[in-house]
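# Structure at a glance
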Amino acid sequence: MDTMLLRILVSTIVVSFLIFLILLIKRLLNNHMTVKAHYHIWYFLGIPLLASFLPWNYVRLGEGTYYFKRFLFFHKDTVPKSERINGAVASQGSNSDLLHDFTVSVNKSTPDFIYHTFFTVWIIGVVLLVGAAVYSSIQIHQLKKSAAAVHNQKLNELIETCKVMVGVKRNIRLRETSLITSPITFGIFQPYIFIPSNTLEAFSLTELKYVFLHELHHHKSKDLFVNYVMWIFRIIYWFNPFVWYALKRIRMDRELACDASVLNLLDESGYIEYGHTIIRFADKKYDRAIEQFAPGIGGTKKQIKQRIQCIASFSSDSRLLKWKSKVICAVLGMVVLLIAPITTVIASPDDVYQFSGKNVVNEDLSSYFEGYKGSFVLYDPSKNQYQIYNREMSEQRISPDSTYKIYSALFALESNVISTNSNNQIWDGNNYPFPEWNQNQNLASALSRSVNWYFQNTDREVGRKELQDYFHKIKYGNEDLSGNLDHYWMESSLKISPIEQVQLLYQLEENQWGFKAENIKAVKRALLIDVQKNGRLYGKTGTGMINGKNVNGWFIGFVEKGEDCYYFAINIQNKDGHAQGSKAAEIAKLILHHKKIY
């Protein structure tokens, strides 16, 4: 839900900014742009919409985007030091602290029902606007059914002559109907021009020539396609008054640009006749449902007045004016291309990992997860095979919580913030939620006891930029560190899927990133939980607590059994507040036991 709302919010900001920028340019540089440029400049509004379908996630745009994310309320969570949970021990072993639940609560300032309310209201608006679009389509369909082909030879010859003048080669079907009082045009794949039934009696051939020239230019300029894009904007941003105003201006600029195109085909004596023809349609109204999809020569009295004023002052565009227009559009285009990826990068659909592996055995382990939503992933490198329970949840990216500390420790070692021989930190005297935290720590104790302040200190010393580089290097989940540096991994911006957790553990054990071998070994030693005759168990739990409720439980790790190694990740979720890392470890150990792995 947050991701969808974030996408809507950010895209609204981007689109509103572009509208403001375009209006400012049109006002300040009004006399330095052609009439067509005033219309075509609006095309840049479509770039952010198009950008949402492009793979910007694979393009690194620097670290500037995280400042914008931190500004948004979605990551403004607080972690009070006074809050703790009473974790239960799943089992005892040589390092049973790794199976405790050491976590603190993230207090989300915005209740979930507010997100749901906003989303529901937006959906209702979208549904209503989609309904209006469907109604308009039905009206146009009925119009097509009621219309009859025009058999008047003079009209058919006239439209063919006008097509040559405009440069339109497509077959344009001319139809007449009594359901309209003003000519309109529509049809992307099969173009139509519809005229009122009494057109030949009410208008001269000269006037109809101007009508056809106008409507044909709408087809040539692809204005009908633009209409559909405008409808998409109206549906998505129905709540944004800036969008509604922009769409109104686009329709007006479209007609002015079409008038200018027609006037360029006429001599000065034809300007007055063309203007008189437009005036005759000032009172000709047609169904607004049809108007939204089918542009025509008519309009309101206010629109007709503005168009007549432009016709009266019309002069052909000079070469200098055309070049000025191109430069202005080019500069704006570069600005738009720079900001277009913001919507996708900041509010990207990075909450799902698209796993393409075919070496998968899907399992039903639901009996182990009674009372929980959950997933389990096991990877056997000797067979290059994944065993997965709940494929959908196994690809879903969620907060890693304390499991991220495996890599935080590794990055601190690689950055020389700590070393394998010197990794002690002095307790600062603050009263933390757990007695185990209120003492001096080293790397092994900090990992086994999941000591937040230890890794918060090392993260600060490593620095956000270098941390981000490390997360990019190992491709850790969504690689998003835009949340607060002290808890971006606690139900905040950083997210990872169970499948990715398993893949990273394998890469860690194999040291596929080229880190120092002694650093890998130091982290691995700190993750050792238990040693038995049939294997050695390594792992790390993680618990996500929101507003005092445990909603997200992790246990990730691997088992060394002889020469074989098995990598696993389990995640459980529960809205009632019982999803703890220790419970996840309990379920995982039971599954591993029944699989005769550990």
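Residues numbered from 1 in each chain as written. Predicted model: local features only at pLDDT ≥ 70, side-chain atom pairs only at ≥ 80, totals over all residues. Heavy atoms only, no water.

## Here's the deal with the overall build of the chain
Counting its secondary structure elements, the chain contains 23 helices and 14 strands. The 598 residues of the chain split such that 54% are buried. Long-range pairs, those at least 24 residues apart, make up 72% of the contacts in the chain with a sequence separation of at least 6. A total of about 27800 Å² of accessible surface is found on the chain, and carbon and sulfur atoms cover 56% of it. (Helix = DSSP H or I, 4+ residues; strand = E, 2+ residues; numbered from the N terminus. Buried < 20%, exposed > 50% of the residue type's maximum accessible area, 1.4 Å probe, protein only. Contact = heavy atoms within 4.5 Å. Areas by Shrake-Rupley, 256 points an atom, 1.4 Å probe, with all protein chains shown as cover.)

## Quick look at the pattern of salt bridges
Counted under the stated rule, the structure contains 14 salt bridges. In this structure, Glu 586 and Lys 583 form a salt bridge, with 3.1 Å as the shortest nitrogen-oxygen distance. One end of the pair is Glu 586 and the other is Lys 583, both in helix 23 (residues 581–594) and three residues apart, which spans about a single turn. Assessed through its relative accessible area of 40%, Glu 586 is described here as partly exposed. Several salt bridges share partner residues, and in doing so they unite Arg 254, Glu 255, Asp 259 and Arg 307 into one network. (Salt bridge = Lys/Arg side-chain N within 4 Å of Asp/Glu carboxyl O.)

## A short note on the sheet that holds strand 3 (residues 148–149)
Within the open sheet, the four strands sit side by side as 3-4-6-5. Their pairing is mixed. Looking along the sheet, the strands with just one partner apiece sit at the ends: strand 3 and strand 5 (184–186). As judged from the two bridges shared by strand 3 and strand 4 (residues 173–177), these two strands associate in the antiparallel manner. Note that in strand 4 the partner of Ala 149 across the bridge is Arg 175. (Pairing = 2+ DSSP bridges.)

## With respect to the packing of helix 6 (residues 153–166) against helix 8 (residues 205–220)
The geometry of a pair of packed helices is captured by two quantities: the angle between their axes and the separation between those axes. Viewed as axis vectors pointing N to C, helix 6 and helix 8 meet at an angle of 50°, and their least axial separation amounts to 9 Å. Between helix 6 and helix 8, the crossing angle belongs to the class labelled oblique. Note on packing geometry: the crossing formed by helix 6 with helix 8 is right-handed. Of the residues in helix 8, those in contact with Lys 154, Leu 155, Leu 158, Ile 159, Cys 162, Lys 163, Met 165 and Val 166 of helix 6 are Leu 205, Leu 208, Lys 209, Phe 212, Leu 213, Leu 216, His 217 and Lys 220. Class assignment for the residues of the contact of helix 6 with helix 8 results in eleven nonpolar, one polar and four charged. (Axes fitted to C-alpha atoms, helices over the stretch in contact; angles between N-to-C directions. Parallel < 35°, antiparallel > 145°, perpendicular 65-115°, else oblique. Left-handed = near helix turned anticlockwise from the far one by under 90°. Nonpolar A, V, L, I, M, F, W, Y, C, P; charged D, E, K, R; others polar.)

## A word on the environment of Leu 378
Note on placement: Leu 378 falls in strand 8 (residues 373–380). Under the relative-accessibility criterion, Leu 378 is labelled buried at 1%. For Leu 378 and Phe 568, which are 190 residues apart along the polypeptide, the C-alpha to C-alpha distance reads 4.3 Å.

## Some thoughts on the nonpolar core
One finds Tyr 407, Leu 443, Tyr 476 and Tyr 488 to be the most contacted residues of the largest nonpolar core, which totals 60 residues. Leave out the neighbours within four places in its chain, and Tyr 476 touches Pro 400, Thr 403, Tyr 404, Tyr 407, Phe 471, Leu 494, Lys 495, Ile 496, Gln 501 and Leu 504. (Core = buried A, V, L, I, M, F, W, Y, C linked by side-chain atoms within 4.5 Å.)

## Observations concerning helix 19 (residues 452–462)
Owing to its 3.6 residues per turn, the α-helix brings residues three or four apart onto one side. Counting buried residues along helix 19, eight of its eleven residues qualify, which places the element largely inside the surrounding structure. Along helix 19, the positions that sit buried rather than exposed are Asn 452, Trp 453, Tyr 454, Phe 455, Gln 456, Thr 458, Asp 459 and Val 462. For helix 19, the secondary structure elements touched by its buried residues are helix 17 (405–414), helix 18 (443–448) and helix 20 (464–474). Immediately downstream of helix 19, the backbone of Gly 463 shows phi near 95°, a positive value.

## Considerations on the confidence of the model for the chain
Chain-level statistics for the chain give a pLDDT mean of 83 and a share of 83% at 70 or above. Within the model, pLDDT remains below 50 along residues 56–68, and this stretch shows 19 contacts once partners closer than five positions in the same chain are excluded. Here residues 70–94 is modelled with pLDDT under 50, and outside its nearest four sequence neighbours on either side it reaches 78 contacts, counting other chains as well. (pLDDT = per-residue confidence, 0-100.)

## A closer look at a positive patch on the surface
A cluster of basic side chains, namely Lys 36, Lys 220, Arg 319, Lys 322 and Lys 326, defines a positive patch on the protein surface. A total of three residues in the positive patch trace back to one element, the largest contributor, which is helix 14 (residues 319–339). In this structure, Lys 322 sits in helix 14. Overall, Lys 322 belongs to the partly exposed group, its relative accessible area being 43%. (Patch = residues over 30% accessible without salt bridge, like charges linked within 9 Å, V, L, I, M, F, W, Y side chains within 5 Å. Lys, Arg positive; Asp, Glu negative; His and termini not counted. Charge placed at Lys NZ, Arg CZ, Asp CG, Glu CD.)

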